[in-house]
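For reference, the chains in residue letters:
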Amino acid sequence: MRKDEKLTQPKDLLQVIRNKFCHVEECPFSGKRIFFENAGGSLTLKTVAKSSGDLAAIPDNQGRNNRASREVKDLIQKSKTDALEFFNTEKGSILIGESGTELLFRLIRSAILASEKGTVVGSTLEHPASRSATTKWSKYASKYLTLIPHCKEYGSINVQQYLDGISSDVGVATIIHTSPVTGISIQIRELTQGIKEISPDCFIIVDGIQHAPHGEINISDYPIDGYVISPYKVFSRHGYGLAWISDRLRNLPHETLLNGPAENWELGTRDVGSYATFSEVVSYFEWLGSQVSTSLTRREKFVDASRFIKNQERKLVETMLYGKDNVKGLSYYPKINIIGGIENKFREGLVSFAFPELSSDFLVEELNSKGIRTHVRKSDHYSSNILEPLNLESCVRVSMCHYNSEDEVIHFLVSMSEIMQQSNLK
Ligand SMILES: Cc1ncc(COP(=O)(O)O)c(C=O)c1O
């Protein structure tokens, strides 16, 4: 038995997990539903909703000589320490901003404007948040921007191909950890270490927004300067983004108050609820780790939680692709186009697909009417970088998380089969 396999793992662990989240089976607006729209925003932890509400009622601000003010300050400090531990680094700083997009813009802009090198490298896999920022600021700073093409069949970046685009003149490189359209992650350790070997001064900024709910973030292994996540995609609530920045990036010129602390990147009065809710997310990962292993340290618990999440999601994806017993999986349909290919070991809980003879809008609506929430991704400014090379106008995105159940996947597959039969497509 491996050290991480707890002898007394509760049989009903999935139910215990589900009980920790809000609106697992019911939408307060539309009623009973299965939630497969996690890439649009994960379910929210009950502790997050509670702590957010409680703190919204507190009028006090930091920096006053009273008990409430000190509590607020401590909550903010605790959250920053929690986030550093969660990212597995003792260096750098945690920064809360308006959204993931806003933080990516700020980090990328600062790096491009400060870098003394002439080239910026990104990839066609990236979300428009980073692609727009690199396009705008490399033009403004008269730098050359290269976008490494992703592999359209595989739905991700080939590490060697990206590294072939790196030279010692590259001052800023942007990377997406996992695509929210293909669901395929990149080998971030190999890629970031490879970039640094060729261009040691390069600032590397990572968009970890789609990857974060799948766990396993280890910044001490990635020689990077920025890692951005959106907590609403990792069990917290809407309204803020969160970034880790290296000391080197923090010391670059940035907006700050005249005569205020120079290293401060956070602008204005803080929303203590955002910090406190992120601490709840970190506690959840720690709790989950303690349920699935006998590990003692917090770090080990995060790692064990991530391993559990990965296994759980792998099982859900397998059922979705290959079915179970007499229920057909998606790969059964001969004309289906599964983005990133059917077999892809870097898939993270998300399956996007299209049929030549059925519109994705129709499928999403039909699934919705059967109580299954999925999402259509169109070839617009968000997803055309992935869909256009595949000659697709749209796709259906089914995004799962570790709290989804096999029964929910089976229900989805049975509904798909009914829709296909009604449409005379088997
Ligand atoms: C990979 C990725 N990057 C960036 C964003 C934008 O994040 P936000 O909504 O926090 O601005 C998203 C949102 O879906 C995303 O999936």
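This structure is a prediction, so every number in the text was calculated from the model and none was measured.

Draft legend 1. Local environment of the overall build of the chain. Assigned secondary structure in the chain consists of 13 helices and 17 strands. In summary, the chain has a C-alpha radius of gyration of 22 Å against a globular reference of 22 Å for 426 residues, a match within 12%. Oriented by its inertia axes, the alpha-carbon framework of the chain measures out at about 70 × 50 × 45 Å. Counting all 426 residues of the chain, 47% fall into the buried class. For the chain, the share of sequence-separated contacts (at least 6 apart) that also reach a separation of at least 24 residues comes to 69%.

Draft legend 2. Here's a closer look at the sheet that holds strand β13 (residues 337–338). Strand order in the open sheet made by the four strands is β13-β14-β17-β16, with antiparallel pairing throughout. Looking along the sheet, the strands with just one partner apiece sit at the ends: β13 and β16 (375–378). Pairing of strand β14 (residues 350–354) with strand β17 (residues 394–399) involves four bridges; the strand directions are antiparallel. Counted as the bridge partner of Val 351 is Val 398 from β17. Relative to β17, helix α11 (residues 360–369) is tilted by about 35 degrees, and along the sheet it contacts β14, β16 and β17.

Draft legend 3. Representation of unusual backbone geometry within the structure. Its identity as a non-glycine residue notwithstanding, Asn 88 has a phi of 60 degrees, on the positive side. Looking at the element boundaries, Asn 88 is found in the loop between α3 (67–87) and β4 (93–97). Given 16 C-beta atoms within 10 Å, Asn 88 falls into the partly exposed group. Positive phi is not limited to glycine here, since Asn 391 has a value of about 55 degrees. With respect to the helices and strands, Asn 391 occurs in the loop between α12 (384–387) and β17. On the basis of neighbour count, Asn 391 is assigned to the exposed category, with 11 C-beta atoms found within 10 Å.

Draft legend 4. The arrangement of the site of the ligand in detail. All residues adjacent to the ligand are Ser 99, Gly 100, Thr 101, His 127, Ala 129, Ile 176, Pro 180, Asp 207, Ile 209, Gln 210, Ser 230 and Gly 241. Of the residues belonging to the shell around the ligand, the class tally is four nonpolar, seven polar and one charged.

Analysis parameters
Residues numbered from 1 in each chain as written. Predicted model: local features only at pLDDT ≥ 70, side-chain atom pairs only at ≥ 80, totals over all residues. Helix = DSSP H or I, 4+ residues; strand = E, 2+ residues; numbered from the N terminus. Rg over C-alpha atoms; globule rule 2.2 N^0.38 Å. Buried ≥ 20, exposed ≤ 12 C-beta atoms within 10 Å, placed from the backbone. Contact = placed C-beta atoms within 7 Å. Pairing = 2+ DSSP bridges. Axes fitted to C-alpha atoms, helices over the stretch in contact; angles between N-to-C directions. Near = placed C-beta within 6 Å. Nonpolar A, V, L, I, M, F, W, Y, C, P; charged D, E, K, R; others polar.

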